[in-house]
Amino acid sequence: MPELPEVETVVRALRRPLVGRIFSGLVSGWPRQIVRPDDPAELAARISGRTVTEIRRRAKYIVMALDGGEETLIVHLKMTGHLAVVPGGAPVHPHVRQRFLLRDGDELHFRDPRKFGRVYLVREPEVVLGRLGPEPLAGEFTLDRFLALFGTRSRPLKPLLLDQEFIAGIGNIYADEALFAAGLHPERRSDRLTGAEKAALYEAIREVLRLGIAREGASISDYVKPDGTKGEMQEAVMVFRRTGFPCTRCGTPIARMVLGGRSTHFCPSCQK
């Protein structure tokens, strides 16, 4: 599933070809993907004639501001979503579920083989984004704020990091990588960490997310950049999907477990 670095990569790649462009309609091949409003014809009517003024990321969501400031188009890629601006008249991939038409003839295609992606057009973005936790790379996300998040929570670290109300944007890949970088076992309970261990986790989260962005995401499964090329983070992962391979620190084979319903990878020696 695209996580914070992958979605940030998509956002940066879309700004040049999409900001300043004007929507002229929508061709929907999978109406159930459109959540708000739940009628593709209504969405098409409301975006027609509107200019994309800004594209940003919030957690794993792509947020497009439209001129006038009254409505915002939000897309969640979920597991297999892919967005790209394509020339008018270009062949349409069979897994394209939404075609956002642009006034000059080009189109923004939302390709989604598994149909889990979601599209929202809302007047108040907080209707969709309001329950998300803080952005881990934001300047205001200080160590003190991170420490305050723990409160009275008592949960295993891996499921806690995946909780989007705790911290926004972290998924399976970067949770595993952050815990390895911090030397913490995925099953350690959050209320049993020392202050030094929490500080190490704070730094590790930010380190692996920045590395993921620098490498333009991990093309381990379905994710590719808008231009169709792969990211490079898969070449830098230390534990994720490396079961049985030697740990780069100590040589112990990387182990795998299922924790909170999610495949989890760790080094049994480095992450006691």
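Whatever comes next refers back to the structure up there.
Residues numbered from 1 in each chain as written. Predicted model: local features only at pLDDT ≥ 70, side-chain atom pairs only at ≥ 80, totals over all residues. Heavy atoms only, no water.

S.K.: I'd like a description of the sheet that holds strand β3 (residues 52-58), backed by residues and values.
M.R.: Reading across the sheet, the 5 strands line up as β2-β9-β5-β4-β3 and stay open at both edges, with mixed pairing between neighbours. Here the strands that pair on one side only, and so sit at the sheet edges, are β2 (34-36) and β3. Each neighbouring strand pair of the sheet contributes to a mean axis angle of 20°, computed without reference to strand direction. As judged from the 2 bridges shared by β2 and strand β9 (residues 118-122), these two strands associate in the parallel manner. (Pairing = 2+ DSSP bridges. Helix = DSSP H or I, 4+ residues; strand = E, 2+ residues; numbered from the N terminus. Axes fitted to C-alpha atoms, helices over the stretch in contact; angles between N-to-C directions.)

S.K.: Which residues make up the packing of helix α4 (residues 143-150) against helix α7 (residues 195-214), and what are the values?
M.R.: Across the interface, α4 lies against α7 with an axial gap of 10 Å and an inter-helix angle of 115°. Helix-helix and strand crossings are classified by hand; for α4 and α7 the assignment is right-handed. Residues L143, F146, L147 and F150 of α4 form the contact with α7, whose own contacting residues are K198, A199, L201, Y202 and I205. Grouping the constituent residues of the contact of α4 with α7 by class yields 8 nonpolar, no polar and 1 charged. (Left-handed = near helix turned anticlockwise from the far one by under 90°. Contact = heavy atoms within 4.5 Å. Nonpolar A, V, L, I, M, F, W, Y, C, P; charged D, E, K, R; others polar.)

S.K.: An account of the environment of V96 is needed here, citing residue identities and associated values.
M.R.: Mapped onto the elements of the fold, V96 is located in strand β7 (residues 96-102). By relative accessible area, V96 is classed as buried at 13%. Taking the C-alpha atoms as reference points, V96 and R111, 15 residues apart in sequence, are found 3.9 Å from one another. For V96, the residues in contact, after removing those within four places along its chain, are H109, F110 and R111. (Buried < 20%, exposed > 50% of the residue type's maximum accessible area, 1.4 Å probe, protein only.)

S.K.: A description of the pattern of salt bridges should follow, citing residues and the corresponding values.
M.R.: Within this structure, the stated rule accounts for 17 salt bridges. Its salt-bridge partner being E107, residue R99 comes within 2.8 Å of it at the nearest N-O pair. With relative accessibility at 24%, the residue R99 sits in the partly exposed group. Here R155 ties to D163 by a salt bridge, and the two come within 2.8 Å at their closest N and O atoms. Judged by relative accessible area, which is 28%, R155 ranks as partly exposed. We classify D163 as partly exposed; its relative accessible area is 22%. Via salt bridges that share partners, E42, R46, R50, D67, E71 and R123 belong to a single interconnected network. (Salt bridge = Lys/Arg side-chain N within 4 Å of Asp/Glu carboxyl O.)

S.K.: I'd love a proper account of the packing of aromatic side chains, names of residues and values included.
M.R.: For the coordinates displayed, the defined rule picks out 7 aromatic pairs. With a centroid separation of 5.8 Å and 35° between ring planes, the pair formed by F141 and Y202 is classed as tilted. Linking F141 in the loop between α3 (126-129) and α4 with Y202 in helix α7, this pair joins segments that are 61 residues apart in sequence. The pair formed by F141 and Y202 is uniform in burial state, with each residue classed as buried. Relative to F150, the ring of F146 has its centre 5.1 Å away and its plane inclined at 85°; by these criteria the two rings are edge-to-face. One end of the pair, F146, and the other, F150, are both in helix α4, 4 residues apart, so they sit about a helical turn from each other. Taken as a pair, F146 and F150 share a single burial class, namely buried. Within the aromatic cluster, the residues linked to one another by ring pairs are F141, F146, F150, F166 and Y202. The ring centre of W30 lies 3.8 Å from the NZ or CZ of K115, which sits over that ring. Lying over the aromatic face of F150, K198 brings its terminal NZ or CZ to 4.7 Å of the ring centre. (Phe/Tyr/Trp six-rings, centres within 6.5 Å; stacked < 30°, edge-to-face > 60°. Lys NZ or Arg CZ within 6 Å of the ring centre and 35° of its normal.)

S.K.: Tell me about the environment of E71, and please be specific about residues and values.
M.R.: By secondary structure assignment, the location of E71 is in the loop between β4 (61-66) and β5 (72-76). Each C-alpha atom of the pair E71 and P31 lies 20 Å from the other, and the pair is 40 residues apart in sequence. The contacts of E71, once residues within four sequence positions are left out, are R46, R50, L66, L121, V122 and R123. Within polar-contact distance, the side chain of E71 engages the side chain of R46 at 2.3 Å. (Polar contact = N/O pair within 3.5 Å; in protein donor to acceptor, adjacent residues only side chain to side chain.)

In short, the description is geometric, and any link to function would need to be established separately.
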